[in-house]
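One letter stands for each residue in the lines below.
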Amino acid sequence: MEAVFSNFDEYLKAFGVTLGLFVVSGIGSLVLGLFLASLRVGPVAIMRRAAALYVIIFRNTPLLMIFIFMAAAMPKLGYNFKWVEDIEIAGWSVSAFFVRSTLALTLYTSAFVCEAFRSGVNSVDLGQAEAARAVGLTFAQSMRYVVLPQALRAVVPPLTSVQVALIKNTSVAAAFGMAEATATMRAFTNNNADERIQIFLLFALGYIILVEIVALSSYVLERKWKVA
Amino acid sequence: MSGNVLFDAPGPRTIARHRVYTVLTLLALAGIIGFFAWRLQVTGQLEYEKWEVFLTPSYVEVILQGLLDTLQMAFGAIVLAIVFGLVFGIGKVSEHAWLRWPSWVVVEFFRAVPVLMLMIFSFYLFAIGNGPLSPMWCVIIALTCYNGAVLAEVFRAGINAVPRGQVEAAYALGMRKTQVMVQIQLPQAVKIMLPALISQCIVALKDTSLGAYILAPGLTYVYDQISQEFKNQVPAALVIASIYIVVNLLLTALATWAQKRYVGEKAAPLEVAATGFDDGRGTL
Amino acid sequence: MRPRPTLRRFTAAAAAAVLATSITACGNAGNDDSETRDVDVAENAADEFEDGTRMKELAEDGKITIGVKYDQPGLGFKGATDDMPRGFDPEIGKILAGSLGIAPEDITWKETISDNREPFLQEGEVDLVIATYSITDERRQVVGQAGPYYVTGQQLLVRSDNDEINGVEDIKGSEVCSVTGSTSLDNVKKEGAKPRGFDTYSECVDQVLDGTVDAMTTDGTILLGYAAEQPDDLKVVGEPFSEELYGIGYSKDRPEMCQWINDTLTQAFEDGSWEEAFDVTLGESGVDAPEKPELQSCDA
C-alpha cells in the first residue's frame, strides 16, 4: 500500500496512459467497425465477403500476435512508425509505441465492433422493414426512421462488452513499450516484493473503476434510448 | 434481417453501379495484397532460409508441441472454468443473500481485471515463493478465474432462460430445490449454453498466448523461440498466427454444428449483462 | 550460421544430427554446429572429497543439476531443438561438473528465470545456479553465493552507426528499452531517459535494430551476448554505471560447496579454461576476455 500511495502520481499517470490507449483505440474501432459493418450488410457481394474475411482473420488471432505484428514484423517490412514522432499538433505529439499499440487494439477490436453492429441490424424484426417499405418509404428513409434507431438500441449492450474488453486488453501494451497500468504494476511489485498482493489489488481496483464507468454510462444510454 | 427486403430489385443503373463497386473493391483488395507481397519481397522476407525452419522436422515437432500445450491449457482452463462457473453461477441465483453477494463480488472482480494481470499475479503467488507451480498452471488458474466468471454469468442467464412454469411444475410435483436445479433447470440450461461454452473455448485459446509473458509454453512461446533464433519475425508471426486462426475456425465450426444439433437453428439468444465478455462475442 | 574457424570441433552427436536431417532432405534449419570446447573431466574425483560433503555425493552419483538461463545468447541460450544450452554460464557449469568427474552430457540443465532462482535452490530443484546471478546481501540471506566468476555492470547497447550515445551521460531525453519493470529500466529513468519496457530482451534488441528506440540497457554481459550475435549491427558503449558481481548460487544448507566452487574457479582462472570459455561464447565478437575477478572469501 505504502509503495503505491507514496508514488500515487505514478499510479495516476499509468492509468492515464491506459485511458489514453482506450479512448483512442475505442474511437478508432468504432469508426472502422461501423465502416466494416456497413460493408457487411450492404448489397454488394464482394464487399460483404471482404468484410467477413477481415472479421474472421482478426477475431481468431490472439491480440498478442497482432501486437507482435505491429511491433516486431512491421518494422522488418520497413515501417517502424517512427515518423509520427515528428508530427506535433499544438504542442502534442505521440510516440511510435502509442501508435502501434492503438493500431493493434483498433484492428483487433473493430472486428468485434463490426459483429456487434451487424447483430444489431439483424435483431430488428423483418416485419418492421417490410412495413416501412409497404408504406412507401425509400431504402434511405426506412433505414433512417425505422431500422437504425431500433438497431442502435439493440447494439448498446454488445458494444459495451466490446469496449469493456478493450479497456482490459490495453494491458497487453505493457509488453510493448507502454508504461501503462500493468507495466507500472510490475515495476512496483519488483521494487516492493513483499507488498505484491496489496499492489495487485490497488491496480485491479483501477481497472474495475474504469470498467464500471463504461458499463454505467452504457446503462444510462440504454435507458435513455428505450422506447417509452 | 436479410438485406433484400430493404432494397428494390436493382434496375439496370443500380446493377451497373454495383459492378463498379465490385471492381473497385477487387482492385483495393488486390492493392493491399500486392502491397504486402511487394514489401515482403523487397525486405527479403520471402527468402527460403527464413522459412526453412518451418519445413525442418525437428522444428515442426516443436511447433506441434507448442500447439498441444496451447490446446491443453485452453481445455484445462475451460473444464475448470465450467466448475468455477457452475458454483458461482448457481451462487448468483441463490435465494440466500450470504451466497448471492459473495458470488456476485467474485464474478464481477474477475470479469473486470485484465487476464494478463491475473496471470502475472498467479505467477507471483504460485510459481515463485510459495512453492513452484509451473507457469502453465498459472496460466490455467488465471484463465479459469476469468472464463469461470464469464461462464458464471452465462450459467445464470441459462438457468433463468428455462421457463418459470417448468420450475413451478416441478415444485408442484413435490421436488425439492436441489432436485429442481439438478434435474430440471441445469440440463436445459446446459443445452442452451453449449454454443456460448464452445465460443468461450476460443476466447480461452486466444488468451493462452498471453502466457508467453510468464514463460508458459504454447504457440506464442514457440514464436518467441524461433524468431529469436532465426531472426525471421515476419514469417514466424505469419505461420503462428495462421495456426491460431485455423484452430479457432475448427472450433467455430464445432460450435455451429453443436448449435444446430442440440439447440436448433433459431435458438432464443441468451441475454448476458454488459460487463465482461472478453471480446463481446456476446453469446455467439 | 556462418562457418566458424578452427579451434573447435564437431561433436559426434552433431555430426549424427546432420546426417539424420540430410536424409530427410526436407528443411534443414537450425544450429547443427553445436561445437564446444573440450572439457576436462577429472578421474576418480570422488576420492578427493571428504565423506559427507555434497561434492562427494554428487561425484559418486555422477549427476548434477544446474540452473541456467535459456534466453540470453552468449550467456545461456537454448534453441527450440537444442539438447543443451550454450553460453558462458553453461561453460562455467561444465568446468565445475568436470572437477567432480561429471561429463557435460551427464549434467541436467534446468531453465531458471530471474524470479525463481532462490526458490529453486532452497527447494533443491537444482544443485547450482549459474544464471547472471548478481551477488547481493539480500540474496545471501536465503542462499549461498560463491565467486564472483565475472564482473559486469549496467551498460548501453546501440546500433553500430549511432555516434550520439557514448555512455550514460548521453541518454537524457532518448528512448531506452529493457525488460518491463526491471531495475535497469528504473535506473535509466532516473538519468532522464524515456523508459520503454518489453517482455523479453530479444524483443528489445529488435527495437534497437529497427531504430524505434535509441538504446537498450541491462548488464553488460547480456548486451555483449547480443552484440556477439550481430557484431556488424550492434555495439556496447560506455563505462558500466553499476557493478554486478555474478556469483554461483548453491544451497545455504551446503556451505562446504563454497570453497570447492572457489577452488575450481581459481584453477580455471590459472589454467586458462575460464578465458577459453569466454572466448567461445561472449568473446565471439572479438572482445577480449576481461580481467579475472577477485574471488570473495567463503568465511565472510
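Details of the structure are given in the entry above.
None of the values given here were measured: they were computed from a predicted structure.

## Let's talk about the overall build of chain B
And step 1. For chain B, the count of helices and strands is 10 helices and zero strands.
And step 2. For chain B, the N- to C-terminal ordering of α and β elements is α-α-α-α-α-α-α-α-α-α.
And step 3. Here chain B holds 284 residues, and 50% of them are scored as buried.
And step 4. Residue pairs at least 24 apart in sequence account for 76% of intrachain contacts in chain B once pairs closer than 6 positions are excluded.
And step 5. Approximately 13000 Å² of chain B is accessible, and the part contributed by carbon and sulfur atoms is 68%.

## Focus: the pattern of salt bridges
And step 1. This model, assessed by the stated rule, comprises 24 salt bridges over all chains.
And step 2. Where Glu168 of chain B meets Arg164 of chain B, a salt bridge forms, and the shortest distance between an N and an O atom there is 3.7 Å. Placement of both Glu168 of chain B and Arg164 of chain B in helix α7 (residues 164-172) is noted, with a separation of four residues, approximately one turn of the helix.
And step 3. For Lys56 of chain C, the salt bridge identified is with Asp51 of chain C, shortest N-O distance 3.4 Å.
And step 4. Look at Asp51 of chain C and you get exposed, because its relative accessible area is 65%.
And step 5. Connected through shared salt-bridge partners, Arg54, Glu57, Asp127, Arg254 and Glu256 of chain C make up one network.

## Structural notes on the state of the cysteines
Residue and element names in this part refer to chain C.
And step 1. Enumeration according to the criterion identifies two disulfides over all chains in this entry.
And step 2. At a sulfur-sulfur separation of 2.0 Å, the disulfide partner of Cys177 is Cys204. The disulfide joining Cys177 to Cys204 has a torsion of about 105° about its S-S bond and is therefore right-handed. Of this pair, Cys177 sits in strand β8 (residues 175-179) while Cys204 is found in helix α7 (residues 201-210), placing the two residues 27 residues apart along the sequence.
And step 3. A disulfide bridge connects Cys258 with Cys298, and the sulfur atoms are separated by 2.0 Å. On the sign convention where negative means left-handed, the S-S torsion of about -85° between Cys258 and Cys298 marks this disulfide as left-handed. Here Cys258, found in helix α9 (residues 256-271), pairs with Cys298, found in the segment after α10 (273-279); they are 40 residues apart in sequence, far enough to count as distant.
And step 4. The buried category is assigned to Cys258, whose relative accessible area is 5%.
And step 5. With relative accessibility at 23%, the residue Cys298 sits in the partly exposed group.

## Topic: the packing of aromatic side chains
All names here are of chain C.
And step 1. Under the definition given, this model contains 30 aromatic pairs over all chains.
And step 2. Seen from their ring centres, Phe88 and Tyr149 are 6.0 Å apart, and the 35° between their planes marks the pair as tilted. Of this pair, Phe88 sits in helix α3 (residues 88-99) while Tyr149 is found in strand β6 (residues 144-152), placing the two residues 61 residues apart along the sequence. No difference in accessibility class separates Phe88 from Tyr149, as the two residues are buried.
And step 3. Measuring from ring centre to ring centre gives 6.1 Å for Tyr150 and Phe278, while their planes differ by 15°; the resulting arrangement is stacked.

## With respect to the environment of Tyr11 of chain A
Residue and element names in this part refer to chain A.
And step 1. Within the fold, Tyr11 resides in helix α2 (residues 8-41).
And step 2. Sequence separation between Tyr11 and Met70 is 59 residues, and the spatial gap between their C-alpha atoms is 27 Å.
And step 3. When residues no more than four places from it in sequence are discounted, the contact partners of Tyr11 are Val4, Leu202, Phe203 and Gly206.

## Some remarks on the interface of chain A and chain B
And step 1. Each partner contributes residues to the interface: chain A has 65 residues there, and chain B has 60 residues.
And step 2. Interface area, chain A with chain B, both sides summed: about 5600 Å², of which 72% is carbon and sulfur.
And step 3. Taken together, chain A and chain B are joined by zero salt bridges.
And step 4. Applying the counting rule to chain A against chain B returns seven residue pairs in polar contact (both at pLDDT 80 or more).
And step 5. When contributions to the side of chain A that touches chain B are tallied by element, the ones reaching two or more residues are α3 (45-60), α4 (63-76), α5 (96-123), α6 (126-134), α7 (139-169), α8 (181-191) and α9 (196-225) of chain A.
And step 6. Take the side of chain A that touches chain B: its biggest share by element is 12 residues, from α7 of chain A.
And step 7. Tallied by class, the residues present in the side of chain A that touches chain B amount to 44 nonpolar, 12 polar and nine charged.

## Here we look at helix α9 (residues 219-230) of chain B
Residue and element names in this part refer to chain B.
And step 1. With 12 residues, α9 extends 16 Å between its outermost C-alpha atoms, agreeing within 8% with the 16 Å of an ideal straight helix rising 1.5 Å per residue.
And step 2. Of all 12 residues in α9, 11 are buried; the element is thus mostly enclosed.
And step 3. Within α9 the residues assigned to the buried category are Leu219, Thr220, Tyr221, Val222, Tyr223, Asp224, Gln225, Ile226, Ser227, Gln228 and Glu229.
And step 4. After α9 finishes, the residue Lys231 shows a positive phi value of roughly 55°.

## Focus on a negative patch on the surface
And step 1. Side chains of Asp47, Glu48, Glu60 and Asp61 of chain C sit close together on the surface and give a patch of like negative charge.
And step 2. Residue position: Asp61 of chain C is located in helix α2 (residues 54-61).

## Here's the deal with the sheet that holds strand β9 (residues 194-198) of chain C
Residue and element names in this part refer to chain C.
And step 1. Pairing in this open sheet of five strands is mixed, and the strands run β9-β8-β10-β7-β11 from one edge to the other. Unpaired on one side and paired on the other, β9 and β11 (234-237) mark the two borders of the sheet. When strand polarity is set aside, the average angle formed by the axes of neighbouring strands in this sheet is 35°.
And step 2. Pairing analysis gives four bridges linking strand β7 (residues 154-159) to strand β10 (residues 215-219), with the strands arranged antiparallel. Bridging from a neighbouring strand, Gln155 pairs with Thr218 of β10.

Parameters at a glance
- Residues numbered from 1 in each chain as written.
- Chains lettered and ligands numbered in written order.
- Predicted model: local features only at pLDDT ≥ 70, side-chain atom pairs only at ≥ 80, totals over all residues.
- Heavy atoms only, no water.
- Helix = DSSP H or I, 4+ residues; strand = E, 2+ residues; numbered from the N terminus.
- Buried < 20%, exposed > 50% of the residue type's maximum accessible area, 1.4 Å probe, protein only.
- Contact = heavy atoms within 4.5 Å.
- Areas by Shrake-Rupley, 256 points an atom, 1.4 Å probe, with all protein chains shown as cover.
- Salt bridge = Lys/Arg side-chain N within 4 Å of Asp/Glu carboxyl O.
- Disulfide = S-S within 2.5 Å.
- Phe/Tyr/Trp six-rings, centres within 6.5 Å; stacked < 30°, edge-to-face > 60°.
- Buried area = accessible area lost by both parts, 1.4 Å probe.
- Polar contact = N/O pair within 3.5 Å; in protein donor to acceptor, adjacent residues only side chain to side chain.
- Nonpolar A, V, L, I, M, F, W, Y, C, P; charged D, E, K, R; others polar.
- Expected span 1.5 Å × (residues − 1).
- Patch = residues over 30% accessible without salt bridge, like charges linked within 9 Å, V, L, I, M, F, W, Y side chains within 5 Å.
- Lys, Arg positive; Asp, Glu negative; His and termini not counted.
- Charge placed at Lys NZ, Arg CZ, Asp CG, Glu CD.
- Pairing = 2+ DSSP bridges.
- Axes fitted to C-alpha atoms, helices over the stretch in contact; angles between N-to-C directions.

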